[in-house]
Amino acid sequence: MTATLAWDDFRLVKAISDQRGLTQAAERLGINHSTAFRRLGQIEAALRTPLFERHRTGYVPTPAAEEMARIAARMEEEVLAFTRRIEGQGLSPAGELRITTAASLLNGLLTPILAAFCARCPEVRLDVVVSEQALNLAKRDADVALRATNDPPDTLVGRRLATIAWALYGRADLDRGSPLAAQRWVSPAPRLGAASAARYVQERTNPERIVLRLDTVQGLADAVESGIGIGPLPCVIGDRRPGLVRLSDPEPDLAAGLWLLTHPDLRRAARVRAFLDFVGDAIARERDLIEGRVPRQRTETISTS
């Protein structure tokens, strides 16, 4: 008799293959361990073949399980592509919209814009995913991304809204008796994705003067404002903190593009189109701040020698 398998059977086998364990796979699928164990036994019985080798280190897929996992991956992609195409046919801005951005962009720029958008489009429910890492829009980890990058993925569409300027900042009451190289410094961690800013610090002071490294821009700004040390910051953050002063002009080598991106299948969805247009226009009005063009009295450049 031919075994009859359901889509959920393929999903379960793929999850176990990906996670190399039953407990983690069950959590990923939102079911309990005993249900996952029972369903796996039923699938193996229907196929009359083992799908996993049980080891102390985890579940190792057999060739049959590997084939099921590949099929499940193709099915998932087809379902996601179909969903994106259908959602792209929406006529009015309504429904859930998932947005991903970095914490620094959310707190330093996006939050008041989101408030205005919610007032304009009350039928759209926003779900904001804060992440320093780029999420996969093709797999619907998010619908729209606001990213600081000079190399946006070719698989996405959107527009460059501005250039994010960076400069060197310190507390307004910084002791100016010492050259910058002799000051205490704080630095972005390379894993933040700000490798150029980390390099900028390394090239301007000795390693022993770098007293703190952080993996968030928001944490870096807090550290500079607390007086721990001087450090590079995006102007859109540094210039909004009255306790900080610029110690350099914007540094061209640290600049990054600010992109608003979505998947091609979603760009015609009413809620996505409304969000892209609204946020794009709102950020355009903040372009001078983002690109470091602030009034001269807000900037105080001092010698690096």
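The numbering scheme is per chain: residues are counted from 1 as the chain's sequence reads. Given that this is a predicted model, residues contribute local features only at a pLDDT of at least 70 and side-chain atom pairs are listed and counted only at 80 or more, while totals for whole chains, interfaces and linings are drawn from all residues. Note that water and hydrogens are dropped before the side-chain values are worked out from all heavy atoms of the structure.

Our focus in this paragraph is the overall build of the chain. Counting from the N terminus, the helices are the DSSP runs of H or I reaching at least four residues and the strands are the DSSP runs of E reaching at least two. When helices and strands are counted, the chain shows 10 helices and 12 strands. Whether a residue is buried, partly exposed or exposed follows from its accessible area with a 1.4 Å probe, protein chains only, as a fraction of its type maximum: under 20%, in between, or over 50%, in that order. In the chain, buried positions account for 46% of the 305 residues. The contact definition used throughout considers only heavy atoms, calling two residues in contact when any of these lie within 4.5 Å. Across the chain, the fraction of contacts at a sequence separation of at least 24, relative to all contacts at a separation of at least 6, is 74%.

Residues of the chain with pLDDT of at least 70 account for 88%, and the chain-wide mean is 86. Between residues 296-305, whose pLDDT stays under 50, and residues either more than four places distant or in other chains, the model counts 22 contacts. pLDDT is defined as a per-residue confidence score from the predictor, taking values between 0 and 100.

Checked against the element boundaries, Arg-241 lands in the loop between helix H8 (235-238) and strand E11 (244-246). One polar contact links Arg-241 to Glu-225, side chain to side chain, over a distance of 2.8 Å. If we skip the residues at most four places from it in the chain, Arg-241 touches Gln-218, Ala-221, Asp-222 and Glu-225. Any N or O atom pair separated by 3.5 Å or less is treated as a polar contact, with the protein-specific requirement of one donor-capable and one acceptor-capable atom, and with residues adjacent in sequence counted only for side-chain atom pairs.

Moving on to the sheet that holds strand E3 (residues 95-101). Strand pairing is assigned whenever DSSP detects at least two bridges linking the two strands. Overall, mixed pairing links the five strands, which are arranged E4-E3-E5-E12-E6 in an open sheet. The open sheet is flanked by strand E4 (124-130) and strand E6 (157-164), the only strands paired with a single partner. The mean inter-strand angle of the sheet, taken between neighbouring strand axes irrespective of direction, is 20 degrees. Here five bridges tie strand E5 (residues 144-148) to strand E12 (residues 256-262), and the two strands are oriented antiparallel to one another. Residue pairing for E12: Ala-148 is matched across the bridge by Leu-258. Lying on the sheet, helix H5 (residues 103-120) is in contact with E3, E4, E5, E6 and E12; it crosses E4 at an angle near 180 degrees. Note on geometry: axes are C-alpha line fits, over the in-contact stretch for helices, and angles between N-to-C directions span 0 to 180 degrees.

In this section: the side chain of Asp-239. Within the secondary structure, Asp-239 is located in the loop between H8 and E11. When its relative accessible area of 3% is taken as the criterion, Asp-239 is described as buried. Side chain to side chain, Asp-239 and Tyr-169 meet in a polar contact 2.8 Å long.

A word on the nonpolar core. Definition used in this section: a nonpolar core is a set of buried Ala, Val, Leu, Ile, Met, Phe, Trp, Tyr and Cys residues joined via side-chain atoms within 4.5 Å. By size, the foremost hydrophobic cluster in this structure holds 58 residues, and its most contacted members are Leu-146, Trp-185, Leu-258, Leu-260, Phe-275, Ile-283 and Ile-290. If you look at the next biggest cluster of nonpolar residues, it comprises 17 residues, including Ala-36, Tyr-59, Ala-65 and Met-68.

Moving on to the environment of Gln-202. Tracing the sequence through the fold places Gln-202 in helix H6 (residues 195-202). Under the relative-accessibility criterion, Gln-202 is labelled partly exposed at 45%. A sequence separation of 15 residues divides Gln-202 from Ser-187, and the C-alpha atoms of the two residues are 8.5 Å apart.

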